[in-house]
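A look at the structure
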Amino acid sequence: MIDFIIVGSGLAGVSFANIALEAGKKIFVFDNQSQPSSTVAGGMYNPVVLKRFTEIWKAQEQVDLCQKIYPKLEAKLKVKFDFPMQLFRKFASIEEQNNWFVACDKPSLSPFLNSNINYDSYESISASFGFGEVFSSGYLDIKTLVNSYQKFLENIDSFSSETFDYNNLIIEEDYVQYNAIRAKKVIFAEGFGLHKNPFFNDLPLDGTKGELLHIKAPDLKLDKIIKSSIFVLPIGNDIYKVGATYDWKDKSNIPTDAGREELVEKLREVIHSDFEIIEHLAGVRPTVNDRRPLVGTHYEHKCLHVLNGLGTRGVMLAPYLALNLFNNLENNKELEDEINIDRYYKKRAKS
């Protein structure tokens, strides 16, 4: 008998698999290919909501864990996927400058914000009000991470690219049987694909479609992330990621002309150099209306668990949530109320 079947090998699934293996547990992972949002995401991370200059939930804890886990995982996989990088928030007005200074004075935000406004000039970017620098920022090449981890799992005979068939799951009181695999627990980390999961599809997982461009701009010459109404993120060889859009109605992974036009229009407001679009991607982020993840144990089947709802901040949230769920299941540590799916089960019981 193994300890965990993990369904989904995006950021959430990889994070849980890594923590479980490091703890000496036996696992088996199904890719499931239910949602490609991890591999098409921009991968940018920072500990601040840059629209309103507010701290994200558990920012310091997430930063500390990411800075511990990702470098160790790079060494384990012998690949480079974590790229710490300066992030400059472009100011559009004096009011935004003032709001920045107010944020810098807050104890929860001061470790992450440079109180000195940066007036560096860039030939292809006009920024008369300057930039605010965010610390502990960068981006993950999520596709490289996920693909490398899948190969690692294949080498230890712990991975299948098959689609998980819920109908083949036999649930007993203290274990599950899936074809020839018997496991103590199942972790469902399927992203937006959770909607097809008969055990957890009653949870209020929404989806927010995001579109992203890869452009080639030889004259841009940026070595840091610029954030305005969109982000412009250098990934080398004069290629940049540009994103992202937010669509709450369209739940497909198909890039659209409207999304492309929106990104191009906003990009031209930020940079003044020529560029060529070389790739256009789209994916549905697993979001939740209350902006908190969905983590925990099924109300009836105590062997079934969910790790989902990472939204737009999966890079930072994935290790933190995976560790919380692992400690809950293996060390009886309580899940935080903000992420525990019991918040929905309790509401349902009262109604």
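The structure this text deals with has already been given above.
The notes below deal with the structure included here.

Analysis parameters
- Chains are numbered independently. Their residues run from 1 in the order of the written sequence.
- The model is predicted, so local features are restricted to residues of pLDDT at least 70 and side-chain atom pairs to those at 80 or more, both for listing and for counting; the totals for chains, interfaces and linings are taken over all residues.
- For the side-chain quantities, the full set of heavy atoms in the structure was used; hydrogens and water were omitted.
- Secondary structure is summarised from DSSP: a helix means a run of H or I of at least four residues, a strand means a run of E of at least two, and numbering begins at the N terminus for each.
- One fewer than the residue count of a helix, multiplied by 1.5 Å, yields its expected span.
- We call two residues contacting when some pair of their heavy atoms lies within 4.5 Å.
- Note on geometry: axes are C-alpha line fits, over the in-contact stretch for helices, and angles between N-to-C directions span 0 to 180 degrees.
- Throughout, the term roughly parallel applies to angles under 35 degrees, roughly antiparallel to angles over 145, roughly perpendicular to angles from 65 to 115, and oblique to all others.
- Handedness of a helix crossing follows the sense of rotation of the near helix relative to the far helix, less than a right angle counterclockwise being left-handed and clockwise being right-handed.
- Residue type decides the class: Asp, Glu, Lys and Arg count as charged, Ala, Val, Leu, Ile, Met, Phe, Trp, Tyr, Cys and Pro as nonpolar, and the leftover types, Gly among them, as polar.
- Accessibility here uses a 1.4 Å probe with only protein chains present; expressed as a share of the type maximum, an area under 20% marks a residue as buried, one over 50% as exposed, and anything in between as partly exposed.
- We call two N or O atoms a polar contact when they sit within 3.5 Å, provided that within protein one can donate a hydrogen and the other can accept it, with sequence-adjacent residues counted only if both atoms are side-chain atoms.
- Paired strands are those between which DSSP finds at least two bridges.
- Here a patch means residues that are over 30% exposed by relative accessible area and free of salt bridges, tied together within 9 Å if like-charged and within 5 Å if nonpolar (Val, Leu, Ile, Met, Phe, Trp, Tyr).
- Only the protein chains shown count as cover for residues, and the accessible areas themselves come from Shrake-Rupley with a 1.4 Å probe.
- Whenever a carboxyl oxygen of Asp or Glu lies within 4 Å of a side-chain nitrogen of Lys or Arg, that contact is scored as a salt bridge.
- Note on charges: Lys and Arg go in the positive column, Asp and Glu in the negative column, and His and the chain ends are not counted at all.
- Every charge is mapped to an atom, namely NZ of Lys, CZ of Arg, CG of Asp or CD of Glu.
- Here, nonpolar core refers to any group of buried Ala, Val, Leu, Ile, Met, Phe, Trp, Tyr and Cys residues whose side-chain atoms link them within 4.5 Å.
- Centres within 6.5 Å make a pair out of two Phe, Tyr or Trp rings, where for Trp the six-membered ring is used; the pair is then stacked when the planes are under 30 degrees apart, edge-to-face when over 60, and tilted otherwise.
- Lysine and arginine charges are scored as sitting over a ring when NZ or CZ, respectively, is within 6 Å of the ring centre and within 35 degrees of the ring normal.

1. Focus: helix 3 (residues 59-77)
The end-to-end C-alpha separation of helix 3 is 26 Å, in line with the 27 Å expected for 19 residues at 1.5 Å each. In this fold, the buried residues of helix 3 make contact with helix 1 (11-22), strand 5 (54-55), strand 6 (82-84), strand 9 (138-140), helix 5 (142-155) and helix 7 (314-331).

2. A closer look at the packing of helix 1 against helix 5
Where helix 1 contacts helix 5, the axes come no closer than 10 Å and their chain directions differ by 45°. Here helix 5 runs oblique to helix 1, going by the angle between their axes. Note on packing geometry: the crossing formed by helix 1 with helix 5 is left-handed. Residue-level inspection shows Leu11, Val14, Ala17, Asn18 and Leu21 of helix 1 in contact with helix 5, the latter providing Ile142, Leu145, Tyr149, Phe152 and Leu153. Residues belonging to the contact of helix 1 with helix 5 are distributed by class as follows: 9 nonpolar, 1 polar and no charged.

3. Describing the environment of Thr245
Along the chain, the position of Thr245 falls in the loop between strand 17 (239-243) and helix 6 (257-270). Residue Thr245 is classed as buried on the basis of its relative accessible area of 4%. Separated by 175 residues in the primary sequence, Thr245 and Tyr70 have C-alpha atoms spaced 27 Å apart. Once residues lying within four places of it in the same chain are set aside, the contact partners of Thr245 are Lys209, Gly210, Glu211, Gly259, Glu262, Leu263 and Arg285. A polar side-chain atom of Thr245 sits 2.8 Å from the main-chain amide nitrogen of Glu211.

4. Details of the pairing of strand 7 (residues 87-90)
Of the two faces of strand 7, the one holding Leu87 and Arg89 and the one holding Phe88 and Lys90 are both buried throughout. Here strand 7 pairs with strand 15 (residues 225-227) via 3 bridges, running parallel. Considered in strand 15, the bridge of Phe88 is made with Ile226.

5. Considering the sheet that holds strand 18 (residues 276-288)
Note on sheets: strands pair through backbone hydrogen bonds, and any given pair is parallel or antiparallel. What the 7 strands build is an open sheet, ordered 8-7-15-16-17-14-18; its pairing is mixed. Both edges of this open sheet fall to strand 8 (131-134) and strand 18, since each of them pairs with a single strand only. For this sheet, the mean angle separating the axes of adjacent strands, direction not counted, is 25°. As defined by bridge partners, strand 14 (residues 205-216) adjoins strand 17 across 5 bridges and the pair is classed as antiparallel. In the strand pairing of strand 17, Leu213 is matched with Val242. Packed onto the sheet, helix 6 meets strand 7, strand 14, strand 15, strand 16 (231-236), strand 17 and strand 18 and runs at close to 55° relative to strand 14.

6. Side note on a negative patch on the surface
A cluster of acidic residues, Asp257, Glu261, Glu265 and Glu269, forms a negative patch on the protein surface. Residue placement: Glu269 occurs in helix 6.

7. Things to note about the nonpolar core
Residues Phe4, Phe16, Tyr70, Leu140, Leu145, Leu307 and Leu321 are the most contacted members of the largest nonpolar core, which totals 71 residues. The element contributing the most residues to this core is helix 7, with 10 residues. Excluding residues within four positions of it along the chain, Tyr70 makes contact with Leu11, Phe81, Asp82, Leu140, Leu145, Val315 and Pro319.

8. Digging into the side chain of Asn327
Looking at the secondary structure, you find Asn327 in helix 7. Assessed through its relative accessible area of 16%, Asn327 is described here as buried. Looking at Asn327, its side chain comes within polar contact range of the side chain of Asn331, at 2.8 Å. Those residues within four positions of Asn327 in sequence are excluded, and the remaining contacts are Asn332 and Lys333.

9. Concerning the pairing of strand 16
The pairing of strand 15 with strand 16 spans 2 bridges and is classified as antiparallel. Note that in strand 16 the partner of Ile226 across the bridge is Val232. Where strand 15 folds back onto strand 16 in an antiparallel hairpin, the turn is made up of 3 residues. In terms of strand pairing, strand 16 meets strand 17 through 5 bridges, oriented antiparallel. The partner of Pro234 across the bridge, within strand 17, is Tyr240. The loop that links strand 16 with its antiparallel partner strand 17 comprises 2 residues; one of these, Asn237, has a positive phi angle of about 60°.

10. Quick word on the packing of aromatic side chains
Here the structure, examined in full by the defined rule, presents 23 aromatic pairs. Between the aromatic rings of Phe164 and Tyr166, the centroid separation amounts to 5.7 Å while the plane-to-plane angle is 70°, which identifies the pairing as edge-to-face. Grouping residues by exposure puts Phe164 and Tyr166 together as buried. Three or more aromatic residues link up through ring pairs in this structure, and these residues are Phe28, Phe30, Phe164, Tyr166, Tyr178, Phe188, Phe199 and Phe200. For the cation-ring pair, Lys80 lies above Phe83, with the distance from its terminal atom to the ring centre recorded as 5.5 Å. Lying across the ring of Phe88, Lys224 places its NZ or CZ 5.1 Å from the centre.

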